[in-house]
Each structure stands twice: as C-alpha cells, then as structure tokens.
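If you want the building blocks of each chain, they are given just below.
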Amino acid sequence: MSVGIDIENVVKKYGSHTVINGLSLRIEPGEFFTLLGPSGCGKTTLLRMIIGFNSVEGGDIRVGGRRINDVPPSRRNMGMVFQNYAVFPHMSVRENVAFGLKMRHVPEAEAARRVDDILRMVKIEEYADRMPAALSGGQQQRVALARAIVIQPEVLLMDEPLSNLDAKLRVEMRNAIKRIQRQVAITTVYVTHDQEEALAVSDRIAVMDGGVIQQVDTPRNIYQRPANVFVSSFIGLSNLLEATVFEEGGQKGVAFPNGYRVPMTNLSEEAKSGLPVAVSARPEEFIMEASARRPSLRTPEGRAAFGGSAVSEQSAGRFVEAPDAPGEGIPAVVQSSVFLGLTTHYFVRAENGQELEVIQQEQAALADGERVLLRLRPEKINVFHGASRTTLIRGEPE
Ligand SMILES: Nc1ncnc2c1ncn2[C@@H]1O[C@H](COP(=O)(O)OP(=O)(O)O)[C@@H](O)[C@H]1O
Ligand SMILES: [Mg+2]
C-alpha cells in the first residue's frame with residue numbers, strides 16, 4: 001500500500017537563519033513528485049527533513065497519517081538515492097543491494113530472490129558480481145537505486161540522482177527511473193534543478209524559489225499555465241512583453257504600445273482596463289511572417305523595375321517603407337537564426353529594441369535582416385499583473 005505525505009507549515013532554521021518558513025505540501029500515495037528550483041532554494045533541506053537527517057523547527061510532517069517529526073531516520077522506512085551514488089566500494093553489486101535486507105534480517109533465500117528481481121528491474125543483473133569501481137557512473141547509480149528500493153520502503157527520496165551523469169546517460173536513466181517508479185509504485189519525492197528532467201519524470205512538480213513554493217501542478221500546467229513570472233521564466237523559455245489590458249464592448253484583451261491588440265477570453269476579473277501587464281509568450285507560440293514584401297525594392301532586377309533611383313545602396317536588401325498597417329502585430333527584424341532540422345530558432349529584435357526568441361516549424365527560411373511581423377496566439381499566451389507578477393489567466397473550468 002502506498003502512503004501519502006503531508007507537510008504542514010514546516011519551518012527549517014540553520015542556527016538563526018530561517019531557510020524554510022512555513023511550507024505546506026500534500027504528496028499523494030504512489031505519486032512521482034518533484035521539487036524543482038534553482039540551486040540554494042531549499043530542495044535538499046526539505047528532502048532531508050522528510051527522511052529525518054534534518055531537524056524540524058516548526059510544523060508537522062506526516063507519512064500515511066503518522067506524525068514523524070521525531071522518528072529517527074532508521075525507523076522511517078524510506079529509501080534514498082544521492083547525487084554521488086554512495087555505494088559501498090568494498091562490496092560487490094549483489095552485496096550492496098543485499099545489505100539493507102541483511103540489516104533487516106530477511107531470510108537468505110527470500111533476500112536472494114528479491115535482490116535478483118531488483119537487479120533485473122534496474123538492468124544490472126549481468127554485473128551482479130562486479131565491484132563498484134568496475135562500473136560506469138550510470139551503472140553505479142542503478143546499484144544505488146536498486147539498494148534504495150529493495151527494502152520496499154514506503155517512500156523513495158532522490159536528490160539530483162542524475163547530476164553526475166553525462167547528457168545522454170541522464171536521459172536514459174531518467175526514463176529508467178520513471179519506468180521503475182511506475183513498476184514499484186512507491187511514493188517518490190525527487191529533487192532536481194533541471195526543468196526538462198522534472199517535466200519528463202513527474203506526475204506533479206512543486207516549483208520552489210527562496211524556500212517558498214511558487215506553484216504545484218502537473219508538468220503540462222506548470223509549462224502552459226505558470227502561476228507567476230518566476231515559474232514562467234524558470235521553466236522553458238519565455239519572452240516577456242509589456243502591454244496593458246483593454247476592455248471594449250465586453251471584449252477584453254491585451255494591447256501593445258504600437259496598437260496591436262490581442263482579444264482574449266480567459267482573463268480574470270482582476271484584469272481591469274488599463275492595467276499594466278507582462279505578457280509571456282513561448283518561442284513556439286508566435287506566428288511569424290515576413291512583412292508584406294515589396295520585391296521591387298529587394299532585388300537588383302526589382303530596383304531596375306522600380307526605376308533604380310528610388311533606392312539607395314544603403315537600403316538595398318531592406319524594406320524602405322513600413323509595409324504593414326500599424327497594430328497588426330509586433331514588427332521585428334531577424335538578427336540571426338539556427339536551423340535545427342525539425343525547427344528553426346530565430347533571434348529577432350522588436351521595434352522597441354527588445355530581443356525575442358521565436359521557434360518556427362515551417363521550413364521557409366527567413367534571412368537575417370528580414371522584417372517580420374509577430375502575432376500571438378490568444379489561447380496560448382500568459383498574462384501577469386505588472387506589479388505582483390502573478391497570473392491574470394482564469395483557471396480552466398472543471
Ligand atoms: N547545514 C547547513 N547549514 C547552514 N546553512 C545551510 C545548510 N544546508 C543548507 N544551507 C543553506 O540553506 C539554503 C538551502 O540549501 P539547500 O537546501 O541545499 O538548497 P538546494 O538543495 O535547493 O540547492 C541555502 O542558502 C544553503 O546555503
Ligand atoms: Mg541540493
């Protein structure tokens with residue numbers, strides 16, 4: 001039976017320094033739950049409070065309904081995987097994994113069977129008799145994971161378990177960890193500063209900053225509907241644009257300084273007409289088109305056709321007149337681009353000088369220096385209060 005974890009108003013102080021000041025969380029039974037945040041935000045501190053390596057200066061931690069604040073770590077029935085593997089160097093893989101069972105006086109035959117099962121699950125059975133020094137980092141981390149779960153803990157805790165692995169192995173191991181967690185269905189609290197890793201493995205994510213939870217939600221909601229500007233910027237790439245709320249004849253939306261308006265249907269009550277806001281757009285959420293072309297101004301043949309004299313050398317290759325009516329979008333100029341096969345990343349500069357990143361799937365290449373018009377997808381963008389930096393998007397109706 002999987003257990004839930006209730007963290008209620010917990011406080012952590014190191015001496016007189018308060019690192020966590022009244023944090024609450026509910027982790028569901030069997031859930032893969034991730035604490036995500038920048039270095040120093042308090043992830044390890046919170047994890048160590050759950051396992052019992054850290055004292056708790058206020059509030060309660062309950063596992064399966066039982067308050068565990070004062071229960072010693074050895075009696076909490078939790079498994080932990082650390083960043084630096086922490087396997088016993090003088091024991092073989094099999095001995096490492098069997099160690100916890102030996103400590104718990106599990107009969108030898110049963111222990112051997114359980115160790116074999118787990119070694120197979122984490123796919124290191126062929127290395128069972130090797131010493132850790134003869135294993136790669138990824139294999140050592142599999143041993144550490146096997147050792148943590150073989151004791152059938154109620155809770156599995158992992159603190160940046162993939163940080164010491166190279167990029168390719170990290171992806172492979174995170175898939176393995178997710179598969180194994182599903183298989184054993186142990187309530188899991190996973191710590192990482194890597195947002196992509198968090199999105200890939202988690203049922204839910206708590207985004208932390210400065211010891212404070214910013215948002216708890218599914219990976220999809222964290223990415224698509226960030227609660228505030230911090231989450232929006234920390235997860236994935238966000239372009240932040242200044243705008244104001246408009247309201248006209250019952251229609252709300254956001255208006256940009258050049259008159260471009262994006263009507264929206266999901267702005268909250270708090271979004272009053274004239275309110276300064278920050279609009280957040282993911283690079284892939286722009287619609288980018290070359291500005292209406294005046295080919296006669298661009299090519300040598302065109303110049304000739306236009307009469308030659310109308311275009312100076314300096315303006316060759318550029319657009320001389322603003323080709324779009326004001327307010328149709330955000331005018332910008334392509335600075336550079338990176339072709340990545342499936343997508344192309346464009347770095348563009350908006351009229352106000354702001355640098356924006358735009359990702360497009362269409363293969364029609366836009367040249368450096370080309371003028372473009374950016375439009376926003378109203379259902380995709382996020383809008384934050386200009387001062388409080390919190391979302392002004394209404395929650396989805398249930
Ligand atoms: N043993 C300790 N003594 C004093 N301060 C600590 C100790 N451990 C962590 N801290 C401080 O607590 C804050 C959170 O640290 P930590 O939980 O390790 O962050 P994270 O794991 O998110 O990188 C940091 O400011 C860190 O310097
Ligand atoms: Mg840490």
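Basis of the calculations
- Residues numbered from 1 in each chain as written.
- Chains lettered and ligands numbered in written order.
- Predicted model: local features only at pLDDT ≥ 70, side-chain atom pairs only at ≥ 80, totals over all residues.
- Near = placed C-beta within 6 Å.
- Helix = DSSP H or I, 4+ residues; strand = E, 2+ residues; numbered from the N terminus.
- Nonpolar A, V, L, I, M, F, W, Y, C, P; charged D, E, K, R; others polar.
- Axes fitted to C-alpha atoms, helices over the stretch in contact; angles between N-to-C directions.
- Parallel < 35°, antiparallel > 145°, perpendicular 65-115°, else oblique.
- Left-handed = near helix turned anticlockwise from the far one by under 90°.
- Contact = placed C-beta atoms within 7 Å.
- Domains from an automatic or database assignment.

**Quick word on the site of ligand 1**
And then number 1: All residues adjacent to ligand 1 are Tyr-14, Val-19, Gly-37, Ser-39, Gly-40, Cys-41, Gly-42, Lys-43, Thr-44 and Thr-45.
And then number 2: When residues in the shell around ligand 1 are grouped by element, the largest group, three residues, is from helix α1 (residues 43-51).
And then number 3: Residues of the shell around ligand 1, tallied by class, amount to three nonpolar, six polar and one charged.

**Things to note about the packing of helix α3 (residues 108-121) against helix α4 (residues 137-150)**
And then number 1: Interhelical geometry of α3 versus α4 gives an angle of 135° and a closest axis separation of 10 Å. The pairing of α3 with α4 is recorded here as oblique in orientation. Between α3 and α4 the crossing geometry is right-handed. Taking contact as the criterion, the partners of Arg-114, Val-115, Ile-118 and Leu-119 in α3 are, on α4, Ala-146, Ile-149 and Val-150.
And then number 2: Taken together, the residues of the contact of α3 with α4 break down into six nonpolar, no polar and one charged.

**Some thoughts on the domain arrangement of the chain**
And then number 1: Considered domain by domain, the chain is made up of domain 1 (5-230) and domain 2 (237-398).
And then number 2: Computed from C-alpha atoms alone, the centre-to-centre distance between domain 1 and domain 2 is 43 Å.
And then number 3: Taken together, the contact pairs five residues of domain 1 with eight residues of domain 2.
And then number 4: Among the residues forming the side of domain 1 that touches domain 2, the class breakdown is three nonpolar, one polar and one charged.

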